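Next come the chains, spelled out residue by residue.
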Amino acid sequence: MSNGFYYPAMWLVIGGLALGLVLLNSSLAFYRKQVSHDPVLRGEYNRTLRVLMAGHRILWVFVLALVSLGFLAMYQDYSATQKTIAAARKQHWPVYDKQKMWETPDPYLAETDADAKLVAYGRDLIAHTQDYFGKDGFLRPASINGLNCQNCHLDAGSKPFGNNYFAVESTYPQMRARSGMLETVRKRVNDCFVRSLNGQALDTTGREMNAIVAYLRWLGTGVPKGEKPKGSGLVEVPFLDRAADPAHGKQIYAEKCASCHGPSGQGQPMPGNPRDYPPLWGPESYNEGAGLFRMSRFAGYVKANMPFGANYSNPQLTDEEAWDVAAFVNSQPRPKHPFLDTDWPKIEKKPYDHPFGPYADTFPQEQHKYGPFGPILAFYKSQPKKN
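Residues numbered from 1 in each chain as written. Predicted model: local features only at pLDDT ≥ 70, side-chain atom pairs only at ≥ 80, totals over all residues. Heavy atoms only, no water.

Enquirer: Is there a simple way to explain the overall build of the protein in this structure?
Expert: Secondary structure assignment for the protein yields 16 helices and 2 strands. A total of 387 residues make up the protein; the buried ones form 43% of that total. Taking the intrachain contacts of the protein between residues at least 6 apart in sequence as the baseline, contacts between residues at least 24 apart amount to 61%. Only carbon and sulfur atoms are counted for the fraction: they give 59% of the accessible area of the protein, which is about 21,100 Å². (Helix = DSSP H or I, 4+ residues; strand = E, 2+ residues; numbered from the N terminus. Buried < 20%, exposed > 50% of the residue type's maximum accessible area, 1.4 Å probe, protein only. Contact = heavy atoms within 4.5 Å. Areas by Shrake-Rupley, 256 points an atom, 1.4 Å probe, with all protein chains shown as cover.)

Next up, the structure:
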């Protein structure tokens, strides 16, 4: 007999017995009232009263026994189910291998997670951020730009070398030179909201933040603390021995990017889909404080992921094309950097391609933005390390 039938039937029987108790109580009350002032009736109905009281006690015993057995059966069934789930989760749990390209955990681990609903909600927030916070968002409308989180973190942050989240759970909290402080996952999520999404931060204790954190935790399932699995983040594109060329990048963009993102880089509707290709510059794109505004980050992003259909094992851009299209896109107008006065409190820790001075070196700002980056990196590697 399936639990879908057994438990409802059991509680129906218990409900029937409870109804019987109510009727018996009513009968006892009626007879007691009738005989309370009449000795003749009291003698006549004394036997009936004793039978009713005995039946009352028996019914109580049955009800208590059935309720106890019902809860015991439910507990045993729950325990057996949990053991089955635990065994299945162990079977599906990924084995960490530094040399193996990391993949998204088995969906079963999300479906049976203690926070399964939060994990699912977090994934939807990443994939369809516009639905919640965009111009017509139903949660907090017009509080971000025209991007979804997964426009920068492909496949909801699960694509190898697609700026994924595989190493978030394993590497946070961490000291970050950009802020000069120990950052939590929640701080890092809000960094994306105010930089890449050029919008308002989330309530760090709210359901949406909790859901995103739960999803990021699930994506990091099986990754040991402190480890970064192969395929996390972005590919590193070899340096050019020249500066990246925005003019050549403009040609590459027209040939390989404009069909999706539009000639003016403002995105456009996806054919047969209610969603849009994302804007790459302009007021609805990421601001100058976003990670992708760094040339190396954007070049690594497009090298392994663009145009549509590309991946790390089947790139469609050469290294030169990746650098040059990055230079073109990041030379276009976009919202200004909102944190220039507070980012990188120790200027010697700025990345080689951070496009805003001051610097702890003599290389010009133009070279920090477009390269060549080799001489800058070599300079810093030659300097004594500082805390």
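Enquirer: How should unusual backbone geometry be read in this particular structure?
Expert: Apart from glycine, the bulk of residues carry a negative phi angle, and the bulk of peptide bonds sit in the trans form. Cis geometry marks the peptide bond from Y172 to P173; its omega dihedral reads 0°. Positionally, P173 belongs in the loop between α8 (168-171) and β1 (174-176). For the bond running from G371 to P372, omega is 5°, close enough to zero to count as cis. On the secondary structure map, P372 appears in the loop between α15 (365-370) and α16 (374-381). Here A156, not a glycine, exhibits a phi torsion of approximately 55°, which is positive.

Enquirer: Whenever I open this one, helix α11 (residues 246-256) confuses me. Can you help?
Expert: Owing to its 3.6 residues per turn, the α-helix aligns residues three or four sequence positions apart on the same side. Those residues of α11 that fall on the buried side of the exposure criterion are G249, I252 and Y253. Each buried residue of α11 lies within a common arc of 105° when the element is viewed along its axis, so the set occupies one face. Exposed side chains of α11 directed beyond 90 degrees from the buried face belong to K250, A254 and E255. Contact partners of the buried residues in α11: α12 (258-261) and α14 (319-329). (Arc of directions from axis to C-beta.)

Enquirer: I would appreciate a short explanation of a nonpolar patch on the surface in the present structure.
Expert: Together, L19, V22 and L23 line one region of the surface with nonpolar side chains, adding up to about 300 Å² of accessible area. Within the secondary structure, V22 is located in helix α1 (residues 3-35). With relative accessibility at 49%, the residue V22 sits in the partly exposed group. (Patch = residues over 30% accessible without salt bridge, like charges linked within 9 Å, V, L, I, M, F, W, Y side chains within 5 Å. Salt bridge = Lys/Arg side-chain N within 4 Å of Asp/Glu carboxyl O.)

Enquirer: What is the right way to look at the side chain of H337 in this model?
Expert: With respect to the element layout, H337 can be found in the loop between α14 and α15. Polar contacts involving the side chain of H337 include one to the main-chain amide nitrogen of F339, which spans 3.0 Å. (Polar contact = N/O pair within 3.5 Å; in protein donor to acceptor, adjacent residues only side chain to side chain.)

Enquirer: Looking at this model, I keep getting lost on the packing of aromatic side chains. Mind explaining?
Expert: Both the distance between ring centres and the angle between the ring planes are used here to describe each pair of aromatic rings. A complete count under the given rule lists 18 aromatic pairs for this structure. When the centroid spacing of 5.6 Å and the interplanar angle of 65° are considered together, the rings of F161 and Y312 count as edge-to-face. Of this pair, F161 sits in the loop between α7 (154-157) and α8 while Y312 sits in the loop between α13 (295-305) and α14, and the two are 151 residues apart along the sequence. By relative accessible area, which is 15% here, F161 ends up buried. Of the residues examined, Y312 reaches a relative accessible area of 37% and is grouped as partly exposed. Among the aromatic residues, those joined into a cluster by ring pairs are Y121, Y132, F133, F138 and F193. Positioned above the aromatic ring of Y286 is the side chain of R334, whose terminal nitrogen or guanidinium carbon lies 3.9 Å from the ring centre. Looking at K350, its charged tip hangs above the ring of Y359, at a distance of 5.3 Å from the centre. (Phe/Tyr/Trp six-rings, centres within 6.5 Å; stacked < 30°, edge-to-face > 60°. Lys NZ or Arg CZ within 6 Å of the ring centre and 35° of its normal.)

Enquirer: Where do I start with helix α4 (residues 116-127) in this structure?
Expert: Between its first and last C-alpha, α4 extends 17 Å over 12 residues, near the 16 Å set by a 1.5 Å rise per residue. Buried within α4 are the following residues: V119, Y121, G122, L125, I126 and A127. Tucked inside the fold, the buried residues of α4 contact α3 (107-111), α5 (129-133), α6 (149-152), α7 and α10 (207-219). (Expected span 1.5 Å × (residues − 1).)

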